[in-house]
Amino acid sequence: MSDKKQQVSRRQFLNYTLTGVGGFMAAGMLAPMLRMAVDPVLKESGQGDMANVGLSVDDITTEPQKVDWKITQVDGWYESEVNRSAWVFKDENGDIQAFSPVCKHLGCVVSWGGSDEYPEQFFCPCHDGRYYKDGTNVPGTPPLQPLDVYELEVRDGILFLGDAVPREGA
Amino acid sequence: MKWKKTDITQYTEAKEYIDTVLIPLMPFEMESDTHLDVNAFQYEWTMLLVNELEKELTGRMMLLPPYVYRKPIIQEQELKRIDSWAKEIKKQPFNHVFFLTLDGGWKKHEEVLPGTLLWLPGMKSGDLHSADMYRFIRDQVEQMSELIQSYW
Ligand code: FES
């Protein structure tokens, strides 16, 4: 009588539940991996996109000017708006240049003509780092690499900038 | 440099370059709803400001966690406490200590403060995410940045 009632033994019950829980856990771990493999949207996560920086190509002169824009960045826990900026100008060949203002020494913000002694250079106020107009670091100052260069694109006469990419050291 | 692990690791490797600290001074009072409101708003504002400032000068300046204190009065006691903070900071090779606040109450204690006071008059309310406010804060940041540089 009692045998019939107890169709599921304690051991069986435990086995079932453990398999169940294990299955769930495995699924939980595998699902995001699978998703990353198949879902190309996830790989992008907003980066690598070109952003309209609100500057018309006609307004770009040979004098570097600072442009600021915002992008949405997924940063670990949350999505946030990040401010980006660049020094933009036309070089002697008429090509547009867009440099990251982040000093390659320890990351302060450099400015064009920031030092009265060197009006034709980018200057970092933190440890007097300097860069020539083409972005290469001035030897003998703390930075050891040239300023990063933004990926750029012109669409309908408007400047679009992407990510800042490091250059080879000088 | 920010008060987070990756930045601090970088700091310990390049101490000779980072000789400045920035500490936001934040009042804390919960007595009336208006105070609460203003407090929270100014906290947000100050954090925005110091974060932007940190970004400009990250290679030479470390942004420390906020120094929080009770209002309304800045007493003897408080001055002692802030002094002990400064002593703690000096255990590392920092040469410049800056306190940034929107609270004018510190102004009259400026001389006895163990560092340089950057006091900015702030608004009591507003939309921190509006374009006008953004420009206003950017402006404050630029001026503060220049001021700090003038001490270097
Ligand atoms: S951070 Fe620019 S020179 Fe050191």
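Residues numbered from 1 in each chain as written. Chains lettered and ligands numbered in written order. Predicted model: local features only at pLDDT ≥ 70, side-chain atom pairs only at ≥ 80, totals over all residues. Heavy atoms only, no water.

(A) Region of the structure containing the overall build of chain A. Counting its regular elements, chain A contains three helices and nine strands. Order of helices (α) and strands (β) in chain A, N terminus to C terminus: α-α-α-β-β-β-β-β-β-β-β-β. When each of the 170 residues of chain A is scored for burial, the buried share is 32%. Within chain A, residue pairs in contact and separated by at least 24 positions form 41% of the contacts whose partners lie at least 6 positions apart. If you sum the accessible surface of chain A, you get close to 11100 Å²; carbon and sulfur atoms cover 55% of it. (Helix = DSSP H or I, 4+ residues; strand = E, 2+ residues; numbered from the N terminus. Buried < 20%, exposed > 50% of the residue type's maximum accessible area, 1.4 Å probe, protein only. Contact = heavy atoms within 4.5 Å. Areas by Shrake-Rupley, 256 points an atom, 1.4 Å probe, with all protein chains shown as cover.)

(B) Layout of the pattern of salt bridges. Enumeration over the complete set of coordinates arrives at 15 salt bridges over all chains. Notably, a salt bridge pairs E153 of chain A with R155 of chain A, separated by 2.7 Å at the nearest N-O pair. Owing to a relative accessible area of 33%, E153 of chain A belongs among the partly exposed residues under this scheme. Across the salt bridge formed by E142 of chain B and R138 of chain B, the nearest N and O atoms sit 3.5 Å from each other. In this pair, E142 of chain B and R138 of chain B both sit in helix α4 (residues 131-151), four residues apart, roughly one turn of the helix. (Salt bridge = Lys/Arg side-chain N within 4 Å of Asp/Glu carboxyl O.)

(C) Looking closely at the side chain of Q121 of chain A. Tracing the backbone shows Q121 of chain A in the loop between β5 (111-112) and β6 (122-124). Those residues within four positions of Q121 of chain A in sequence are excluded, and the remaining contacts are S111, W112, G113, G114, R130, Y131, Y132 and V138 of chain A.

(D) Main features of the pairing of strand β9 (residues 158-165) of chain A. Residues and elements named next belong to chain A. Pairing of strand β1 (residues 51-56) with β9 involves three bridges; the strand directions are antiparallel. Looking at β9, one finds that N52 is bridged to F160. The pairing of strand β8 (residues 149-155) with β9 spans six bridges and is classified as antiparallel. Bridge pairing links R155 to I158 in β9. Turn length for the β8-β9 hairpin, with the two strands adjacent in sequence and antiparallel, is two residues, and the turn residue D156 shows positive phi of about 50 degrees. (Pairing = 2+ DSSP bridges.)

(E) Molecular detail of unusual backbone geometry. Its identity is not glycine, yet D128 of chain A carries a phi of approximately 55 degrees, on the positive side. By the secondary structure assignment, D128 of chain A is in the loop between β6 and β7 (129-131).

(F) Just the UniProt feature "domain: Rieske" (unreviewed entry) in chain A, in detail. Under the feature "domain: Rieske" (unreviewed entry), the UniProt entry names residues 88-161 of chain A. End C-alpha to end C-alpha, residues 88-161 of chain A measures 10 Å, and it is 0% helix and 35% strand. (UniProt positions renumbered as here; feature names shortened; annotations may be inferred.)

(G) Looking closely at the interface of chain B and chain A. Contact residues are listed per partner, giving 14 residues for chain B and ten residues for chain A. Together, the buried faces of chain B and chain A total about 1000 Å²; carbon and sulfur atoms form 56% of this surface. Counting the surface chain B buries against chain A, the share from its top three residues, Y17, E56 and Y134 of chain B, is 39%. For the pair chain B and chain A, the number of links is zero salt bridges. The interface formed by chain B and chain A contains three residue pairs in polar contact (both at pLDDT 80 or more). Of all the secondary-structure elements, those providing two or more residues to the side of chain B that touches chain A are α2 (33-56) and α4 of chain B. (Buried area = accessible area lost by both parts, 1.4 Å probe. Polar contact = N/O pair within 3.5 Å; in protein donor to acceptor, adjacent residues only side chain to side chain.)

(H) Here's a closer look at the sheet that holds β5 of chain A. All names here are of chain A. Read across the open sheet, the three strands follow the order β5-β6-β7; overall the sheet is antiparallel. The open sheet has two edge strands with one neighbour each: β5 and β7. Across three bridges, β6 lies against β7 in antiparallel orientation. By the bridge assignment, F122 is partnered in β7 with Y131.

(I) Representation of the packing of aromatic side chains in the model. Under the counting rule described, the total for this entry stands at 13 aromatic pairs over all chains. Ring centres 4.8 Å apart and planes at 65 degrees place the aromatic pair W112 of chain A and F122 of chain A in the edge-to-face group. With a gap of ten residues between them, W112 of chain A in strand β5 and F122 of chain A in strand β6 connect regions that are remote in the sequence. Across this residue pair, the class does not change: W112 of chain A and F122 of chain A are buried. Seen from their ring centres, F41 of chain B and W45 of chain B are 5.9 Å apart, and the 90 degrees between their planes marks the pair as edge-to-face. Of this pair, F41 of chain B and W45 of chain B both sit in helix α2, four residues apart, which is roughly one turn of the helix. By relative accessible area, which is 0% here, W45 of chain B ends up buried. Put simply, the rings of W87, F89, F99, W112 and F122 of chain A touch in pairs and so form one group of aromatic residues. (Phe/Tyr/Trp six-rings, centres within 6.5 Å; stacked < 30°, edge-to-face > 60°.)

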